[in-house]
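Next come the chains, spelled out residue by residue.
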Amino acid sequence: MELTAVVTGAARGIGREVVTRLRAAGYRVVAVDIAPLPFDGDDGVRPLVADVTAPDTPGAAVELAVSTFGRLDLLVNNAARFLRRPILETSDEDFDGLIATNVRPVFRFSRAALPALIESRGCIVNTASISGLIGVPNQSVYAMTKGAIVQLTRQLAIEFAARGVRVNAVAPGAVDTGFMDEARAADPDPRASLAVTLSNHPIGRVSTPDEVARAIVFLASPESSGITGTILSVDGGYIAR
Ligand SMILES: NC(=O)c1ccc[n+]([C@@H]2O[C@H](COP(=O)([O-])OP(=O)(O)OC[C@H]3O[C@@H](n4cnc5c(N)ncnc54)[C@H](O)[C@@H]3O)[C@@H](O)[C@H]2O)c1
């Protein structure tokens with residue numbers, strides 16, 4: 001039996017590595033991103049170029065998985081935008097925009113996928129962040145969106161445990177992706193902030209996208225069959241300090 005997944009934010013960074021790892025594990029994947037997807041020529045991947053904030057995208061992604069591959073076993077809610085901004089400089093539009101991109105799609109994709117996941121006794125894995133677990137300077141709204149994902153993860157885990165659906169999240173520290181590059185480009189002193197970032201990670205480096213992807217695939221696999229409602233930090237020891 002070939003398993004099937006929907007992965008959002010799959011064009012680059014962590015999401016792209018998740019698709020690669022899932023393919024290696026034998027999954028077929030609907031890969032969703034607002035940006036062009038780099039999976040042409042792989043019969044096991046159906047690219048869906050779409051904005052996760054659009055109300056019909058979650059249903060379209062689930063429908064594509066079920067109509068193309070016949071089932072859905074895994075939803076990976078991974079797409080998000082970063083915002084590092086002091087709260088006194090944060091506008092209502094910043095706030096609404098980040099909720100719309102980072103939180104509402106996790107709710108909508110989960111709601112759209114759960115009937116098929118109940119049928120397959122499948123899993124949801126969300127990409128949260130250490131910013132959703134601890135206070136981080138100048139990330140109020142971004143951190144709030146990740147805190148919402150942490151709590152939605154626990155909530156859905158409890159609500160669907162008896163129906164055989166496991167729901168977990170990863171909480172990465174800094175990861176070497178375009179996400180970080182863009183944050184650094186907007187930083188007035190990128191070298192100093194990189195030094196602070198590294199000093200916050202006891203292993204002395206940021207994670208690779210593949211290290212986070214491996215944790216996501218673990219939480220989706222039978223290897224983690226006893227785990228639900230867990231937020232798995234992949235942060236080089238950041239929050240253990
Ligand atoms: N990179 C880090 O340091 C870091 C740390 C903690 C958590 N995270 C989380 O990891 C996840 C993946 O981030 P990444 O680091 O791989 O970043 P990334 O920017 O490389 O990838 C994010 C992907 O999401 C897509 N995306 C953004 N908005 C979208 C929209 N409206 N519709 C469809 N697709 C959209 C982007 O096009 C991009 O391909 C995010 O949830 C992020 O919050 C990242």
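Look a little higher up for the structure.
Calculation rules
- Numbering of residues starts from 1 in each chain and follows the order in which that chain's sequence is written.
- In view of the model being predicted, local features appear only for residues whose pLDDT reaches at least 70, and side-chain atom pairs are presented and counted only at 80 or more, with totals across whole chains, interfaces and linings using the full set of residues.
- As a rule here, side-chain values cover all heavy atoms of the structure and leave hydrogens and water aside.
- Residues are labelled near a given molecule or strand when at least one of their non-hydrogen atoms is within 4 Å of it.
- We call two N or O atoms a polar contact when they sit within 3.5 Å, provided that within protein one can donate a hydrogen and the other can accept it, with sequence-adjacent residues counted only if both atoms are side-chain atoms.
- A run of DSSP states H or I qualifies as a helix once it reaches four residues; a run of E qualifies as a strand once it reaches two. Both are numbered from the N-terminal end.
- Note on ring pairs: Phe, Tyr and Trp rings are taken, using the six-membered ring of Trp, and paired if centres are within 6.5 Å. Classes follow the plane angle, with under 30 degrees stacked, over 60 edge-to-face and the rest tilted.
- Exposure categories follow from relative accessible area, calculated using a 1.4 Å probe and restricted to protein chains: below 20% of the type maximum is buried, above 50% is exposed, and the middle band is partly exposed.
- Either the NZ atom of lysine or the CZ atom of arginine qualifies as a charge over a ring when it sits within 6 Å of the ring centre and within 35 degrees of the ring normal.
- Lines fitted to C-alpha atoms define the axes, with helix axes restricted to the stretch in contact, and inter-axis angles between N-to-C directions lie between 0 and 180 degrees.
- The labels follow the angle: roughly parallel below 35 degrees, roughly antiparallel above 145, roughly perpendicular from 65 to 115, and oblique for the rest.
- Should the near helix be turned anticlockwise from the far one by less than a right angle, the crossing is termed left-handed; should it be turned clockwise, right-handed.
- Throughout, a contact is declared for two residues whenever any of their heavy atoms are within 4.5 Å.

Another point: the site of the ligand. Looking at the ligand, there are 28 residues lining it, with Arg 12, Asp 33, Asn 78, Tyr 142 and Thr 177 nearest. Within the backbone of Ile 14, a nitrogen or oxygen atom sits 2.8 Å from an oxygen atom of the ligand. Interatomic distance of 2.7 Å between a backbone N/O atom of Asn 78 and an oxygen atom of the ligand. Within the residue set of the shell around the ligand, elements represented by two or more residues are helix H1 (13-24), helix H4 (140-160) and helix H5 (178-185). Top element by residues in the shell around the ligand is H5. It accounts for three residues.

Let's shift gears to the packing of aromatic side chains. The description of an aromatic ring pair rests on the distance of the ring centres and on the angle between the ring planes. Under the criterion given, the structure shown has three aromatic pairs. Between the aromatic rings of Phe 82 and Tyr 142, the centroid separation amounts to 4.7 Å while the plane-to-plane angle is 80°, which identifies the pairing as edge-to-face. Linking Phe 82 in the loop between strand E4 (74-77) and helix H3 (92-120) with Tyr 142 in helix H4, this pair joins segments that are 60 residues apart in sequence. We classify Phe 82 as partly exposed; its relative accessible area is 22%. On the basis of relative accessibility, which here comes to 6%, the residue Tyr 142 falls in the buried class. Taken together, the aromatic side chains of Phe 82, Tyr 142 and Phe 179 make up a single cluster linked through ring pairs. Looking at Arg 241, its charged tip hangs above the ring of Tyr 238, at a distance of 4.7 Å from the centre.

Between H1 and helix H7 (residues 209-220), the shortest axis-to-axis distance is 8 Å and the interhelical angle comes to 55°. Judged on the interaxial angle alone, H7 and H1 are oblique. Crossing of H1 over H7 shows right-handed handedness. Counted together, Gly 13, Ile 14, Glu 17, Val 18, Arg 21 and Leu 22 of H1 and Pro 209, Asp 210, Val 212, Ala 213, Arg 214, Ile 216 and Val 217 of H7 form the full contact between these two elements.

Another aspect to go through is unusual backbone geometry. One non-glycine residue, Arg 121, lies in positive phi territory at about 50°. Structurally, the position occupied by Arg 121 is in the loop between H3 and strand E5 (123-127).

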